[in-house]
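# Structural description and commentary
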Amino acid sequence: MTQIYSRLVATGSALPERIVTNADLEKIVDTSDEWIRTRTGIRQRHIAADGETTGDLSFRAAQNALEAAGVKASELDLIVLGTTTPDLIFPSTACLLQHRLGANGCAAFDVNAACSGFVYAMGVADKFIRSGQSKKVLVVGAETLTRMVDWSERETCVLFGDGAGAVVLEASSEPGIYATCLHADGGYKHLLYNPVGVSVGFSDEPNHGVRIRMSGREVFKVAVKTLDALVGETLEAAGMQESDIDWLIPHQANLRIIEATAKRLNMSMDRVIVTVDKHANTSSGSVPLALDYAVRSGKVQRGQNLLLEAFGGGFTWASALLRY
Ligand code: COA
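What counts, and at which threshold
- Residues numbered from 1 in each chain as written.
- Predicted model: local features only at pLDDT ≥ 70, side-chain atom pairs only at ≥ 80, totals over all residues.
- Heavy atoms only, no water.
- Helix = DSSP H or I, 4+ residues; strand = E, 2+ residues; numbered from the N terminus.
- Rg over C-alpha atoms; globule rule 2.2 N^0.38 Å.
- Buried < 20%, exposed > 50% of the residue type's maximum accessible area, 1.4 Å probe, protein only.
- Contact = heavy atoms within 4.5 Å.
- Areas by Shrake-Rupley, 256 points an atom, 1.4 Å probe, with all protein chains shown as cover.
- Lys, Arg positive; Asp, Glu negative; His and termini not counted.
- Charge placed at Lys NZ, Arg CZ, Asp CG, Glu CD.
- Pairing = 2+ DSSP bridges.
- Axes fitted to C-alpha atoms, helices over the stretch in contact; angles between N-to-C directions.
- 1 Å grid on protein atoms, 1.4 Å probe; cavity = no way out; pocket = protein on both sides within 12 Å on 5 of 7 lines; lining within 4 Å.
- Points joined across faces, edges and corners; volume = space filled by probe spheres on them.
- Nonpolar A, V, L, I, M, F, W, Y, C, P; charged D, E, K, R; others polar.
- Core = buried A, V, L, I, M, F, W, Y, C linked by side-chain atoms within 4.5 Å.
- Domains from an automatic or database assignment.
- Near = heavy atom within 4 Å.
- Polar contact = N/O pair within 3.5 Å; in protein donor to acceptor, adjacent residues only side chain to side chain.
- UniProt positions renumbered as here; feature names shortened; annotations may be inferred.
- Phe/Tyr/Trp six-rings, centres within 6.5 Å; stacked < 30°, edge-to-face > 60°.
- Lys NZ or Arg CZ within 6 Å of the ring centre and 35° of its normal.

The name an unreviewed UniProt entry gives the protein chain is Beta-ketoacyl-[acyl-carrier-protein] synthase III, with Rhodanobacter lindaniclasticus as the organism.

Counting its secondary structure elements, the protein chain contains 10 helices and 13 strands. A compact globule built from 324 residues would reach a C-alpha radius of gyration of about 20 Å, and the protein chain, at 18 Å, matches this within 12%. In terms of overall dimensions, the protein chain has C-alpha extents of about 60 × 45 × 35 Å along its principal axes. For the protein chain, with 324 residues in total, the buried portion stands at 56%. In the protein chain, the share of contacts with a sequence separation of at least 24, taken over all contacts with a separation of at least 6, comes to 76%. Summed over its atoms, the accessible surface of the protein chain is roughly 13700 Å², and 50% of this surface lies on carbon and sulfur atoms. Mean positive and mean negative side-chain charge positions of the protein chain (31 and 37 charges, respectively) differ by 2 Å.

Strand order in the open sheet formed by five strands is 1-7-6-4-5, and the pairing between neighbours is mixed. This sheet does not close on itself; its edge strands, each paired only once, are strand 1 (5-14) and strand 5 (107-111). For this sheet, the mean inter-axis angle between neighbouring strands, taken without regard to orientation, is 20 degrees. Judged from the nine bridges that link them, strand 1 and strand 7 (residues 162-172) form a sheet pairing that is antiparallel. Paired with L8 across the two strands is L169, which belongs to strand 7. Along the sheet, helix 4 (residues 93-101) contacts strand 4 (78-82), strand 5 and strand 6 (136-144); its crossing angle with strand 4, the most-contacted strand, is approximately 130 degrees.

Here the second largest pocket is characterised by a volume of approximately 210 Å³. Around the second largest pocket, the lining residues are R18, V20, D24, L25, I28, I47, A48, A49, D50, T146, R147 and W151. Mapped onto the lining of the second largest pocket, the elements with two or more residues apiece are strand 2 (18-21) and helix 1 (22-26). The residue inventory of the lining of the second largest pocket, partitioned by class, reads seven nonpolar, one polar and four charged.

One finds F311 and F315 to be the most contacted residues of the largest nonpolar core, which totals 44 residues. Per-element accounting of this core gives the leading share, eight residues, to helix 7 (residues 216-238). Each of domain 1 (5-174) and domain 2 (178-323) contributes no fewer than three residues to this core. Excluding anything up to four places from it in sequence, F315 contacts H183, A184, D185, Y188, L191, L192, V219 and V222.

Near the ligand there are 22 residues, and of these T31, R39, G216, R217 and N254 occur at the shortest range. Contact between the ligand and W35: an oxygen atom at 3.3 Å from a side-chain N or O atom of the residue. With respect to the ligand, the side chain of R217 contributes an N or O atom lying 2.3 Å from an oxygen atom. When isolated, the ligand has an accessible area of 960 Å², and the protein chains bury 75% of it. Put simply, the parts of the chain that give the shell around the ligand at least two residues each are helix 2 (33-40), helix 6 (154-157), helix 7 and strand 12 (305-312). No other element matches helix 7, which puts four residues into the shell around the ligand. Here the residues of the shell around the ligand sort into nine nonpolar, seven polar and six charged. Per-domain counts for the shell around the ligand show at least three residues from each of domain 1 (5-174) and domain 2 (178-323).

In this section: the pairing of strand 5. The two faces of a sheet get side chains in turn, since along a regular strand they alternate between them. Sheet topology places strand 4 next to strand 5; five bridges connect them, and they run parallel. Counted as the bridge partner of V80 is F109 from strand 5.

When the UniProt feature table is mapped onto this chain numbering, "active site" (unreviewed entry) sits at C115, H251 and N281. Spanning 167 residues, the named residues form one tight spatial group whose C-alpha atoms are at most 8.5 Å apart. Here C115 is to be found in the loop between strand 5 and helix 5 (117-130). Residues within four places of C115 in sequence aside, it is in contact with H251, N281, S283, S284, A310, F311, G312 and G313. When sequence neighbours within four positions are dropped, the list of residues in contact with H251 reads C115, I258, N281, S283, S286, V287, E309, A310 and F311.

The next thing to look at is the pairing of strand 6. The element strand 6 is extensively covered by neighbouring structure, given that nine of its nine residues are classed as buried. Judged from the five bridges that link them, strand 4 and strand 6 form a sheet pairing that is parallel. Directly across from V80, in strand 6, lies its bridge partner V139.

The next subject is the packing of aromatic side chains. Each aromatic ring pair is specified by the distance between its two centres and by the angle formed by the two planes. All chains considered together, the criterion is met by three aromatic pairs. Between the NZ or CZ atom of R302 and the centre of the ring of Y324, over which it lies, the distance is 3.8 Å.

Spelled out as structure tokens, the structure:
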């Protein structure tokens with residue numbers, strides 16, 4: 001039987017119009033452009049307008065990707081959307097997106113794996129395609145994470161932004177995605193989480209208690225160690241070596257974490273896609289935004305091997321190694 005691969009047909013993305021620079025944040029919390037840049041690599045972030053939702057950003061990114069792919073929404077047989085900031089508790093943002101695109105009838109669901117959401121969604125989509133279940137799949141990573149930010153807490157508010165990215169995957173006899181690796185360890189919940197929810201209940205605090213709680217230094221250490229092991233595992237799963245990778249397209253949380261992963265892969269930073277300076281950490285949006293930038297800027301060329309990786313709350317961590 002011929003092996004079926006998931007081929008990356010095209011990418012798309014969407015960012016809110018409003019840009020908030022480090023200098024803007026200096027006016028609301030006790031921070032400095034210098035501190036933010038040297039600790040994280042972030043210079044600015046896009047922030048969703050009032051009323052602009054994860055679904056709105058998903059819709060724009062999806063339209064962008066479908067147009068680039070030359071695929072009609074009605075041809076899709078699956079939509080998988082990574083997000084931890086859905087428009088509503090239900091229906092899923094994937095269902096809302098499906099309807100807006102006019103792709104009605106195909107399977108559509110969200111994946112919540114925090115910042116690993118898009119790479120998780122890609123792993124799930126790849127399994128659907130490889131099994132023969134789906135032929136054309138839309139995979140989206142979209143967030144309005146700043147809705148969970150406490151703008152008086154300098155430790156977290158400088159780190160995050162909003163945005164979305166999308167890809168169209170298609171069944172093909174040519175690679176394609178070689179390997180995906182998905183992992184989680186809920187034992188790390190206390191290091192990065194949001195303390196409220198439907199079942200636990202909300203609180204009387206501002207924003208109903210919805211806010212990101214993070215132990216930055218601990219997250220940093222585990223992320224570096226975990227991504228180090230993950231890239232090794234992914235190369236092994238794909239039967240490849242470090243030198244086979246043309247581009248590293250990492251989750252954009254912190255430039256220092258990205259540099260550590262590049263070093264582990266013996267890759268110079270000119271083969272690493274970096275957008276954290278412009279987008280900050282957009283959670284599930286980060287990898288597909290970086291991927292779309294890589295494709296549309298002409299950096300990534302057809303036939304090149306891309307290593308995508310992400311790390312997020314849970315903890316979750318995930319990778320995909322593919323030929324573009
Ligand atoms: N501006 C200025 N000073 C700040 C600040 C800010 N925005 N945020 C924290 N500080 C201060 C702290 O209060 C601390 O002061 P102290 O030494 O007087 O106590 C000092 O800076 C150092 O804080 P620390 O947390 O140890 O800094 P750090 O070097 O670990 O950098 C992070 C902080 C958050 C940038 C870094 O730990 C990080 O990026 N962690 C990973 C976070 C992440 O990626 N999360 C998402 C994963 S998907």
